[in-house]
Amino acid sequence: MLHGVNSNMITNRVWIPHLTNSPSLIVMVGLPARGKTYISKKLTRYFNWIGVPTKAFNVGQYRRDLVKTYKSFEFFLPDNEEGLQIRRQCASTAMNDVKKYLDKEGGQVAVFDATNTTRERRETILNFAEQNGYKVFFVESVCEDPDVIETNIVQVKLGSPDYSDCNNDEAISDFLKRIECYQNTYEPLDEVSDRDLSFIKIMDVGRRYLVNHVLDHIQSKIVYYLMNIHITPRSIYLCRHGESDLNLKGRIGGDSGLSLRGKQFASSLGEFIQEQNIRDLKVWTSQMKRTIQTAEALKVPYEQWKILNEIDAGVCEEMMYEEIQKNYPAEFALRDQDKYRYRYPKGESYEDLVQRLEPAIMELERQENVLVICHQAVMRCLLAYFLDKTAEELPYLKCPLHTVLKLTPVAYGCKVESIFLNIEAVNTHREKPENVDISRPPEEALVTVPAHQ
């Protein structure tokens, strides 16, 4: 075993980095159908992916849980005392759950997803945060574009349990009246009256922004992230390089070229991309031979990104799993115990890789149609971001060779299509073995190693 690694692994397993010295409360603001839940879900997914425990609290869901049957927009009228009482109760319950999450469950960021359209409601939240020592950042979405609002209603609201028993026209009519219920009392964030508050105001889905009084690292990350996302329809294509010579031999890492079948895949990928007829497609590769050789067969311009290089296996580069087990059995077991946080000696962990890939995620959010030709560990990290997978799931996501994953953002998630291009390749996926103990016999350590030459 290599000295000094074991103790690091033990520390890593229990340590979660705290990016701020006090928890953060992100408070959404805006009329219904302005994309607040879309933003809150994306922020939650992003922060969890970079390792900041985050949870969204949707007050509308609390209301649906409490009031099982929704009758009409009249529930939201400002003079409906019963409706007001129920909505206050739901907001209060949600705040109690926020407190429990941030104080007792290890949460660092909570997203309070509700309209919060009056100063009185925002003052209540500010007082709650002050009493509990939370930093508050408001995210307001303002949209006057009727087409965007209608698209949001059709894509998201018609599928709501509120409207399960009525037709689309009735649902749209009721929802537009619901918006009117809030419009009369709506008090937007104001750069003069609210100059002491920390907030970002997003106008017309990112056409303009107003940023005020950013206080810390988390808030600056929120601003940077929200200024990069967009809602233009597009698809992201993820695939690995064609099969490499080292893949055939069951060796990890390295910088080998493509095998014969790998070259056949590269040609098939070129044909597939042409058939798709994708508008303004950007192609990205790593700086490693196998991705560059794959991209060359496409006969289109491509960009090489060093940050897309495969995970660095350190002293284990170009080894077979059997050799790692023989030379570093304790390391092999430690990696199986916590594959996400385990760092190869003189190499990287999946956790390191996520941090390295953050700029690539930001740029993917900014772009429209992109094909990323990358590597197994890199593709797992990118996929985990788009599919909202946990750190425990991430290192075991299946990303087979010669298969393209087409990711298309929809409402609150991502549609995934898996396209195998009919060129056989070795399997490089190793499942977690049952026995992860350092003293395990070699055959139990190697039981899930895929077949190779």
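Coordinates for the structure precede this section.
In this text, all values refer to a predicted model and were calculated from it rather than measured experimentally. (Residues numbered from 1 in each chain as written. Predicted model: local features only at pLDDT ≥ 70, side-chain atom pairs only at ≥ 80, totals over all residues. Heavy atoms only, no water.)

S.K.: Describe the overall build of the protein chain, with residues and values.
M.R.: Within the protein chain, the secondary structure is distributed over 16 helices and 12 strands. Here the C-alpha atoms of the protein chain give a radius of gyration of 25 Å, agreeing with the 22 Å that 2.2 N^0.38 yields for 453 residues. Structurally, the protein chain occupies a C-alpha span of about 75 × 50 × 40 Å along its principal axes. Considering the protein chain as a whole, with its 453 residues, one finds that 54% of them fall into the buried category. Long-range contacts, defined here as pairs at least 24 residues apart, represent 70% of the contacts in the protein chain between residues at least 6 apart. As displayed, the protein chain has an accessible area near 21,300 Å², and 49% of this comes from carbon and sulfur atoms. Each charge sign in the protein chain was given a centre, from 56 positive and 64 negative side chains, and these centres are 2 Å apart. (Helix = DSSP H or I, 4+ residues; strand = E, 2+ residues; numbered from the N terminus. Rg over C-alpha atoms; globule rule 2.2 N^0.38 Å. Buried < 20%, exposed > 50% of the residue type's maximum accessible area, 1.4 Å probe, protein only. Contact = heavy atoms within 4.5 Å. Areas by Shrake-Rupley, 256 points an atom, 1.4 Å probe, with all protein chains shown as cover. Lys, Arg positive; Asp, Glu negative; His and termini not counted. Charge placed at Lys NZ, Arg CZ, Asp CG, Glu CD.)

S.K.: Quick one: what's the story with the pattern of salt bridges, residue by residue and with numbers?
M.R.: Side-chain pairing between opposite charges can occur once the charged atoms of the two side chains come close. Overall, the coordinates contain 23 salt bridges when judged by the stated rule. Among the ionic pairs, arginine 356 bridges to glutamate 348, the shortest N-O distance being 2.7 Å. Linked by salt bridges that have partners in common, Arg63, Arg64, Asp162 and Arg178 make up one network. (Salt bridge = Lys/Arg side-chain N within 4 Å of Asp/Glu carboxyl O.)

S.K.: Hey, could you go over empty space enclosed by the protein for me, with residue numbers and the actual values?
M.R.: Regions of empty space are outlined by a rolling probe, equal in size to a water molecule, passed over the atoms. Per the stated rule, a full pass over the model turns up three cavities of 30 Å³ or more. The calculated volume of the largest cavity comes to roughly 420 Å³. Considering the residues around the largest cavity, the lining is formed by 32 residues, among which Ile252, Gly253, Tyr321, Gln376 and Thr428 are closest to the centre. When contributions to the lining of the largest cavity are tallied by element, the ones reaching two or more residues are helix 9 (245-248) and helix 15 (376-387). (1 Å grid on protein atoms, 1.4 Å probe; cavity = no way out; pocket = protein on both sides within 12 Å on 5 of 7 lines; lining within 4 Å. Points joined across faces, edges and corners; volume = space filled by probe spheres on them.)

S.K.: Residues and numbers for helix 7 (residues 168-183), please.
M.R.: With 16 residues, helix 7 should reach 22 Å at 1.5 Å per residue; the first-to-last C-alpha distance of 23 Å fits that figure. Of all the residues in helix 7, the buried ones are Ala171, Asp174, Phe175, Arg178, Ile179, Cys181 and Tyr182. For helix 7, the buried positions fall inside an angular range of 150° around the axis, keeping them on one side. Residues of helix 7 that are buried in the fold lie against helix 3 (59-66), helix 4 (81-104) and helix 6 (146-155). A distance of 3.1 Å separates the backbone nitrogen of aspartate 169 from a side-chain oxygen at the start of helix 7, and that oxygen is part of asparagine 167. (Expected span 1.5 Å × (residues − 1). Arc of directions from axis to C-beta. Polar contact = N/O pair within 3.5 Å; in protein donor to acceptor, adjacent residues only side chain to side chain.)

S.K.: So what about helix 6? Which residues, and what values?
M.R.: All buried positions along helix 6 are accounted for by Ile149, Asn152 and Ile153. Summarising the axial view, the buried residues of helix 6 lie within an arc of 100°, below the 170-degree limit, and thus occupy one face. Away from its buried face by more than 90 degrees, helix 6 exposes Asp147 and Gln155. Put simply, aspartate 145 is the residue that caps the front of helix 6, since its side-chain oxygen is 2.9 Å from the backbone nitrogen of aspartate 147.

S.K.: Which residues make up the packing of aromatic side chains, and what values go with them?
M.R.: When we look at a pair of aromatic rings, we describe it by the centre distance and by the angle of the planes. Enumeration according to the criterion identifies 14 aromatic pairs in this entry. Seen in terms of ring centroids, tyrosine 70 and tyrosine 163 are 5.6 Å apart; in terms of plane orientation they differ by 80°. Their pairing is edge-to-face. Placement of the pair is tyrosine 70 in the loop between helix 3 and helix 4 and tyrosine 163 in the loop between helix 6 and helix 7, with a sequence separation of 93 residues. Side by side, tyrosine 70 and tyrosine 163 carry an identical accessibility label, which is buried. Relative to tyrosine 344, the ring of tyrosine 342 lies with its centre 5.7 Å away and its plane at 80°, an arrangement referred to as edge-to-face. Look at tyrosine 342 and you get buried, because its relative accessible area is 2%. Tyrosine 344 gets classed as buried once you look at its relative accessible area, which sits at 5%. (Phe/Tyr/Trp six-rings, centres within 6.5 Å; stacked < 30°, edge-to-face > 60°.)

S.K.: Go over a nonpolar patch on the surface, please, and point to the residues and values.
M.R.: Together, Val211, Val214 and Met227 line one region of the surface with nonpolar side chains, adding up to about 210 Å² of accessible area. Position of methionine 227 relative to the elements: it lies in the loop between helix 8 (217-226) and strand 7 (236-240). (Patch = residues over 30% accessible without salt bridge, like charges linked within 9 Å, V, L, I, M, F, W, Y side chains within 5 Å.)

S.K.: So, the sheet that holds strand 2 (residues 54-58): which residues are in play, and what are the values?
M.R.: Strand order in the open sheet formed by six strands is 2-3-1-4-5-6, and the pairing between neighbours is mixed. Single-partner strands in this sheet number two, and they are strand 2 and strand 6 (208-212). In this sheet, neighbouring strand axes are inclined to one another by 15° on average, regardless of whether the strands run parallel or antiparallel. Set on the sheet, helix 5 (residues 119-132) makes contact with strand 1 (24-29), strand 3 (109-113) and strand 4 (135-142); between it and strand 1 the angle comes to about 175°. (Pairing = 2+ DSSP bridges. Axes fitted to C-alpha atoms, helices over the stretch in contact; angles between N-to-C directions.)

S.K.: Please provide a residue-by-residue account of the pairing of strand 5 (residues 199-203), values included.
M.R.: The element strand 5 is extensively covered by neighbouring structure, given that five of its five residues are classed as buried. Alternating residues of strand 5 divide into Phe199, Lys201 and Met203 and Ile200 and Ile202, and every residue in both groups is buried. By the bridge criterion, five bridges tie strand 4 to strand 5 in an arrangement that is parallel. From the neighbouring strand, valine 142 faces strand 5, where its bridge partner is methionine 203. Where strand 5 lies against strand 6, five bridges are found, and the strand directions are antiparallel. Within strand 6, the position partnered with isoleucine 200 by the bridge is valine 211. Hairpin connection from strand 5 to strand 6: four residues lie between these consecutive antiparallel strands, with aspartate 204 at a positive phi of about 50°.

S.K.: Tell me about the side chain of arginine 240, residues and numbers included.
M.R.: Looking at the element boundaries, arginine 240 is found in strand 7. One polar contact links arginine 240 to glutamine 376, side chain to side chain, over a distance of 3.2 Å. From its side chain, arginine 240 meets the backbone oxygen of cysteine 399 in a polar contact 2.9 Å long.

S.K.: Tell me about the pairing of strand 1, and name the residues and values.
M.R.: With respect to burial, strand 1 is a largely interior element, six of its six residues being buried. Taking every second residue as pointing to the same face, both faces of strand 1 are buried, with Ser24, Ile26 and Met28 on one and Leu25, Val27 and Val29 on the other. Direction of pairing for strand 1 relative to strand 4: parallel, over a ladder of six bridges. Bridge pairing links isoleucine 26 to phenylalanine 137 in strand 4.

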